[in-house]
Amino acid sequence: MNPAQPLFPGLPARLAGLEELAENLWWSWHPRARMLFKLLDRQAWKQSGHNPDRMLRDLPGEVLTAAAANADYLRVYDEVRAEFRAHVTGQHCSYLGFVPEDRNFAVAYFSAEYGLHRSLPFYAGGLGFLAGDHLKECSDLCIPLVAVGFMYPEGYLRQRLGDDGWQENRDEPLDRDAAAITRVVGDDGRQVVVRVPLMDPPVAVAVWKVNVGQIPLYLLDSDIPQNDPASRG
């Protein structure tokens, strides 16, 4: 992915802020932000699994053009975008006294699992969803936190009953090109890969990032060609 290129080329300039909103999970716990995407096309929102990243990639251009000319939609868009920008830039950070100029430190938060939203189907149990809620709450409280965890791209299962009455499980792997997750790239434009010398041979991990409001979540991914099959899995 080239970060210099727009993720959604079909977005009209008047709605360019939808890209930034879609790529930050802030929308997932703010009802008006979710409604902003739902108002574009209710059926498409449902079919996307409530995933604005996927929906914006699939929406016909005429739907977006119509929204850009709709005064009622633009009023909601401007209000939600202003609220989002005020939050992520720390303009409303007064709950615990962490005003932006005083937040010159960071809290490191480590968890093996993060449950955040169905659009990011990572494996997570109860404690993983608690960790995800911690990130959202720290964002709302403006606590300067940096989170680190693991990438589990095949964590979800879809269950159904087969014709014989037995339960069938279908894997739901993460589509990384249609979710609010991005590669962390170095100065050379390539994804950052770190070698972890905790075993022999060392394991290499690629780094991904998820924006959770103000909180950056970095995920370590061992499923890359540099590793042997056992380590990749």
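Given the structure is predicted, the values throughout are model-derived calculations rather than measurements.

What follows deals with the pattern of salt bridges. In the structure shown here, the tally under the stated rule is six salt bridges. Among the ionic pairs, Arg85 bridges to Glu20, the shortest N-O distance being 2.4 Å. One end of the pair, Arg85, is in helix H6 (residues 71–88); the other, Glu20, is in helix H1 (residues 17–22), with 65 residues separating them in the sequence. Exposure remark for Glu20: the relative accessible area of 31% places this residue in the partly exposed category. In this structure, Arg232 and Asp223 form a salt bridge, with 2.9 Å as the shortest nitrogen-oxygen distance.

In this structure, Pro225 sits in the loop between strand S8 (215–221) and helix H8 (229–232). The sequence separation of Pro225 and Ala204 amounts to 21 residues, and the corresponding C-alpha distance is 9.1 Å.

Let us look at the nonpolar core. One broad trend across soluble globular proteins is that nonpolar side chains are buried collectively. Counting 55 residues, the largest nonpolar core has Leu18, Leu56 and Leu135 as the members making the most contacts within it. Ranked by the residues each element gives to this core, the list is headed by H6, at six residues. Residue contacts for Leu135: discarding those within four places in its chain leaves Tyr109, Tyr114, Leu116, Leu145, Ala147, Val212, Ile215 and Leu217.

Conventions we followed
Residues numbered from 1 in each chain as written. Predicted model: local features only at pLDDT ≥ 70, side-chain atom pairs only at ≥ 80, totals over all residues. Heavy atoms only, no water. Salt bridge = Lys/Arg side-chain N within 4 Å of Asp/Glu carboxyl O. Helix = DSSP H or I, 4+ residues; strand = E, 2+ residues; numbered from the N terminus. Buried < 20%, exposed > 50% of the residue type's maximum accessible area, 1.4 Å probe, protein only. Core = buried A, V, L, I, M, F, W, Y, C linked by side-chain atoms within 4.5 Å. Contact = heavy atoms within 4.5 Å.

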